[in-house]
Amino acid sequence: MTTTLMSYDDAIAAFDPAMGLEVHVELNTATKMFCGCPTEFGAEPNTQTCPTCLGLPGSLPVVNRKAVESAIRIGLALNCEIAAWCRFARKNYFYPDMPKNFQTSQYDEPIAFDGFLDVEVEGETFRVEIERAHMEEDTGKSLHVGGSTGRIQGADYSLVDYNRAGIPLIEIVTRPITGMGAKAPAVARAYVATLRDLLLGLGVSDVRMEQGSMRCDVNLSLAPSGSDKLGTRTETKNVNSLRSVERAARYEVSRQATLLSAGESILQETRHWHEDTGVTTSGREKSDADDYRYFPEPDLVPMAPPTEWVEELRAALPEPLRVQRARLQAVWGFTDLEMRDVVASDAVGLIEQTVTAGSSAQAARKWWVSELTRRANEDGIELAELPITPQQVARIQALVDEGSINDKLARQVFDGVLAGEGEPDGVVAARGLAVVSDDAALGEAVDRAIAANPDVAEKIRDGKVAAAGALIGAVMAQMRGQADAGRVRELILEKLAP
Amino acid sequence: MPEISRDEVRHLADLARIELDDAELDHLAPQLSVILESIASIAGVAAADIPPTSHALPLTNVYRDDVVVPCLTAEQALSGAPASEQQRFSVPRILGDEQ
């Protein structure tokens, strides 16, 4: 194994990445795919099971109509064809995350196929072709006991919770995406973010990546620059944040380029992403589809969604994402560049909520895109994961608008809220951050500044108002930044009127 | 009709997590071949105008409403498990990788 990794830039100079993304989405139905067990997240282990999802003999599955409806709506929103007739299939494998020894899935007859999703990266639109969106069920959760790390490797035995087994999943699979060059990791991220927003708009899933209700597998291969052949691909499993999608793709480009440049070949395999170290490691060699011995599920009759139903669902779809964003951009009065930064920062929803909470759109954009995005990046987390709500951001801006604090103090209020010191007003009080607009106190500070800078004062008396900046600075320094700069300026000009 | 090879039987056994020694493979491989041949005889009567059948009933679109029904308690769910711990099914060390 080569130890030094080729830099991303060098890798991209020599190779073209091709990428395929598989996204699993848990639907937010009240019950499981094939039985009436509830689907609540975080329930006590094995309290949401029944003979059907435990695979007990004699139990029979029945399809959840709502899940089919959600699958069709997802397919339509992704510009897919909807199958006139399709079946479920058994994917056979022996692994204890499914007590049935098979997963009920769809094989060669997905409910939706041949669609596309347009995603934007730095002003460039990439059309990601959707090969299929098919229905299946989630698996149980295993806890590996023993060994040193709690991972599969080295575990003594495993403990399984089947609450999640049978929750409806939609797997959305893209065709290989090419022609992205250096933007491949950004396209991967933008695709997952756009897909998440689309699903959120449809209301079919919680799409909480941190809770696992949306999970992404990244297939990536490299070909020498200019070649139109696809190289051997790896599949990096369960990449569970937008940031990780981008980082994992970037890492695989460098890793594969390093091997290929050394004359080695890429093993077609599953790899695991490690969030903490930012690397992927080898998992199992990929099974052939044959090994799963798919066959039509005999216990479930075929689905043949009537055209009228599909058209009814199509007519009721929400406005497409592109239309929604254009509308918001117009309402908010953002330039194309500003809107692009908002989308890239994944701040559309956050700004929308901040505006709803009473802030101006420009102020909301300023705080989320400039200030808070920087802080999220520093902490290595998503913007939405910062421990601050849109309501709190709106309140901080309201304090600025009222003149209680200025932008500089607002940043300290952000520090306090993010550090868990409570609501903005409490932070202002506890940290003593309110600006001084008391004329007596400010007047004394202005007098001192004038006395200390007689030549500047003389210029202002002569009508050179621009020189006031130096005195404002001196007053602000005395007040440790906690002065209303506008009022300070007024006082200086009053006192030094010609 | 296809004869199933010894290597294929070994591969199937691996997938099913069944350990077979050489003697068992020698014994089972020809038996499986006979079974496959027997089933393949159906092909002899399936004419081109008979579509493959996957379901016995001529039904489509059998659905249920998305309504929660009572499920098992954890004790009931685990009652058939050979071993359990922390209210979870205890299973032997997993050699392979998650699917």
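Throughout, a residue's number is its position along its own chain's written sequence, starting from 1. Following the order in which they are written, the chains are lettered starting with A and the ligands numbered starting with 1. For a predicted model such as this one, the threshold for reporting local features is a pLDDT of at least 70, and the threshold for listing and counting side-chain atom pairs is 80 or more; totals across whole chains, interfaces and linings nevertheless cover every residue. Side-chain numbers come from the whole structure's heavy atoms, not from hydrogens or water.

Oppositely charged side chains can form a pair if their charged atoms are brought close together. Residues and elements named next belong to chain A. A side-chain nitrogen of Lys or Arg and a carboxyl oxygen of Asp or Glu constitute a salt bridge if their distance falls within 4 Å. According to the stated counting rule, one finds 41 salt bridges over all chains in the structure shown. Residue arginine 215 is joined to aspartate 138 by a salt bridge in which the shortest nitrogen-to-oxygen separation is 2.8 Å. Linking arginine 215 in strand E11 (residues 214-224) with aspartate 138 in the loop between strand E7 (124-137) and strand E8 (141-145), this pair joins segments that are 77 residues apart in sequence. Across this residue pair, the class does not change: arginine 215 and aspartate 138 are buried. Between glutamate 311 and arginine 314 there is a salt bridge whose closest N-O contact spans 3.0 Å. Highlighted residues: glutamate 311 and arginine 314, both in helix H5 (residues 307-315), separated by three residues, approximately one helical turn. Secondary structure elements are taken from DSSP: a helix is a run of H or I of four residues or more, a strand is a run of E of two residues or more, and numbering for both begins at the N terminus. Exposure categories follow from relative accessible area, calculated using a 1.4 Å probe and restricted to protein chains: below 20% of the type maximum is buried, above 50% is exposed, and the middle band is partly exposed.

Okay, the nonpolar core next. All names here are of chain A. Remark: nonpolar core denotes a set of buried residues (Ala, Val, Leu, Ile, Met, Phe, Trp, Tyr, Cys) joined through side-chain atoms within 4.5 Å. Met19, Met135, Ile172, Tyr191 and Leu195 are the most contacted members of the largest nonpolar core, which totals 74 residues. Ranked by residue count, the leading element in this core is helix H3 (residues 184-202), at 11 residues. Setting aside residues no more than four positions away along its own chain, methionine 135 makes contact with Met33, Ala67, Val68, Ala71, Phe88, Ser105, Gln106, Ile111, Leu169, Ile170 and Met303. Of all hydrophobic cores here, the second largest spans 33 residues; its members include Val393, Val427, Leu433 and Val435. We call two residues in contact whenever any of their non-hydrogen atoms come within 4.5 Å of each other.

The subject of this paragraph is the domain arrangement of chain A. Residues and elements named next belong to chain A. A domain assignment, automatic or from a database, supplies the domain bounds used here. Each assigned domain of chain A is listed with its residue range as follows: domain 1 (8-312), domain 2 (319-431) and domain 3 (439-495). Look at where the C-alpha atoms of domain 1 and domain 2 centre, and you get two points 32 Å apart. The buried area of a pairing is the accessible area, by a 1.4 Å probe, that goes missing from both parts when the two are put together, added over both. It is Arg189, Asp197 and Arg243 that lose the most area in domain 1 upon contact with domain 2, and together they represent 44% of the buried surface on that side. In this structure, arginine 189 engages glutamate 382 in a salt bridge whose closest nitrogen and oxygen atoms are separated by 3.6 Å. N or O atoms closer than or at 3.5 Å make up a polar contact, with two conditions inside protein: a donor-capable atom paired with an acceptor-capable one, and, for residues adjacent in sequence, both atoms drawn from side chains. For the pair domain 1 and domain 2, the number of links is four residue pairs in polar contact (both at pLDDT 80 or more). Those elements that place two or more of their residues in the side of domain 1 that touches domain 2 are H3 and helix H4 (242-261). Among the elements that take part in the side of domain 1 that touches domain 2, H3 stands out by supplying five residues, more than any other. Here the term charged refers only to Asp, Glu, Lys and Arg, the term nonpolar to Ala, Val, Leu, Ile, Met, Phe, Trp, Tyr, Cys and Pro, and the term polar to all other amino acids, Gly among them. A class-by-class count of the residues in the side of domain 1 that touches domain 2 yields two nonpolar, three polar and five charged.

Chain A puts 59 residues into the contact, and the matching count from chain B is 38 residues. Between chain A and chain B the total buried area reaches about 4,300 Å² when both faces are included, carbon and sulfur atoms providing 57% of it. Counting every contact that joins chain A to chain B gives one salt bridge. Between aspartate 65 of chain B and arginine 65 of chain A there is a salt bridge whose closest N-O contact spans 3.5 Å. On the surface where chain A and chain B come into contact, there are 24 residue pairs in polar contact (both at pLDDT 80 or more).

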